[in-house]
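# Architecture and fold: a report
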Amino acid sequence: MPASTNIAPRASYPAQLLAVSERALAQLVRTPSHSRRAEAARKLARHALWLSVAGAAAVITLMLAFDLTEIQLMPARGAPGLWPIRILTDFGKDEYVLVVLAAALVVVALVAAGLHGTRRTLLLGLGTRLQYLFLSVAASVFIAEILKFIIGRGRPFVGGKANPFNFVPFQGTEAYFSLPSAHAVTAFALAFAVSALWPRLRVFMFTYAIVILLTRLVLLAHHPSDVVAGALVGMGGAMAVRYWFAARRLGFAIRADGTIVPLPGPVGGRLKRVARGASAP
């Protein structure tokens, strides 16, 4: 969402809400304007190439040397004692994460439409960051769904035996949607995106992502190479969306060497004052 608006204070609430929503969408597709975006693009390309090469090597190595051993060591699928893991794994489900982020965006728009001046600016600054989180996960999951369909890898024990080389490309069924893991994509895209905005949360967020990754293995939903591939797709997608935002001066700045860094954003105390102001009679 835009960091500031020029909406007339006397406009009706529906008109203000429409204007806020339109500006939130318009800022995402406006022409890139950052003078250092070329440097950032080159740095992104280098990182993407390194991530792709190292990631492909790791996935192939796991597929050849470790996938079969790992899935044979896991408890039987559907074992009663795994119910806590089944609950925990849902915290990485893309539908749930995207719904929560979308709901937060809607709340920000609804509240911001009734505010003016600094309070609106602060809240819309948070909205911009929520847009980044949402699009990082959504774009990464979209790429993963295409890869799943093209690759068509069978999940562990599909077909009755442990076979990490069970591929039926373009199958399009849930049984053959193993590579990459969508839960790993979601968790690592979210972890990278949150860490990019608030670096102090990096350890917490990547711990969360690793826990989600492990739940997919314990539940025999994926092979180790599936979750590693998912982690790489998630981080790569979030990196690309970060560049998109930085090139438009949204939530991020670009240093002279092309490094993308978060812009100072609304902090907890100031947002609490905004919330109190919005709810005051």
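Look up a bit, the structure's there.
Residues numbered from 1 in each chain as written. Predicted model: local features only at pLDDT ≥ 70, side-chain atom pairs only at ≥ 80, totals over all residues. Heavy atoms only, no water.

Under the 1.5 Å per step criterion, the end-to-end length of helix 6 (residues 117-151) is 51 Å for 35 residues, consistent within 8% with the ideal 51 Å. In the stretch just after helix 6, G152 is the one whose phi turns positive, near 60°. (Helix = DSSP H or I, 4+ residues; strand = E, 2+ residues; numbered from the N terminus. Expected span 1.5 Å × (residues − 1).)

Now for the packing of aromatic side chains. Across all of its chains, the model carries four aromatic pairs by this definition. Look at F149 and F170: their rings are 5.5 Å apart centre to centre, the planes differ by 75°, and that puts the pair in the edge-to-face class. Highlighted residues: F149 in helix 6 and F170 in the loop between helix 6 and helix 7 (182-197), separated in sequence by 21 residues. Residue classification places F149 among the partly exposed residues on the basis of a relative accessible area of 38%. Feature note: the residues Y132, F245 and F252 constitute an aromatic cluster, connected by ring pairs. (Phe/Tyr/Trp six-rings, centres within 6.5 Å; stacked < 30°, edge-to-face > 60°. Buried < 20%, exposed > 50% of the residue type's maximum accessible area, 1.4 Å probe, protein only.)

A separate point is the pattern of salt bridges. Pairing between side chains becomes possible if they bear opposite charge and their charged atoms approach one another. A complete count under the given rule lists five salt bridges for this structure. Taking the shortest distance from any N to any O, the salt bridge between K43 and D257 comes out at 3.8 Å. Taken together, the residues span a long stretch of sequence, with K43 in helix 2 (residues 37-65) and D257 in the loop between strand 1 (252-254) and strand 2 (260-262) at a distance of 214 residues. One salt bridge in this structure joins D226 and R153, with 2.7 Å as the shortest N-O distance. Here D226, found in helix 9 (residues 224-247), pairs with R153, found in the loop between helix 6 and helix 7; they are 73 residues apart in sequence, far enough to count as distant. (Salt bridge = Lys/Arg side-chain N within 4 Å of Asp/Glu carboxyl O.)

Moving on, we come to the side chain of S181. Here S181 shows up in the loop between helix 6 and helix 7. In this structure, S181 is in contact with K148, R216, H222, D226, V227 and G230, ignoring residues within four places of it in sequence. (Contact = heavy atoms within 4.5 Å.)

Another aspect to go through is the environment of K43. For K43, a relative accessible area of 18% corresponds to the buried category. In the structure, K43 is positioned 172 residues away from T215 in sequence and 33 Å away in space, judged by C-alpha atoms. Residues in contact with K43, not counting those within four places in the same chain, are D257, G258 and T259. One polar contact links K43 to T259, side chain to side chain, over a distance of 2.7 Å. (Polar contact = N/O pair within 3.5 Å; in protein donor to acceptor, adjacent residues only side chain to side chain.)

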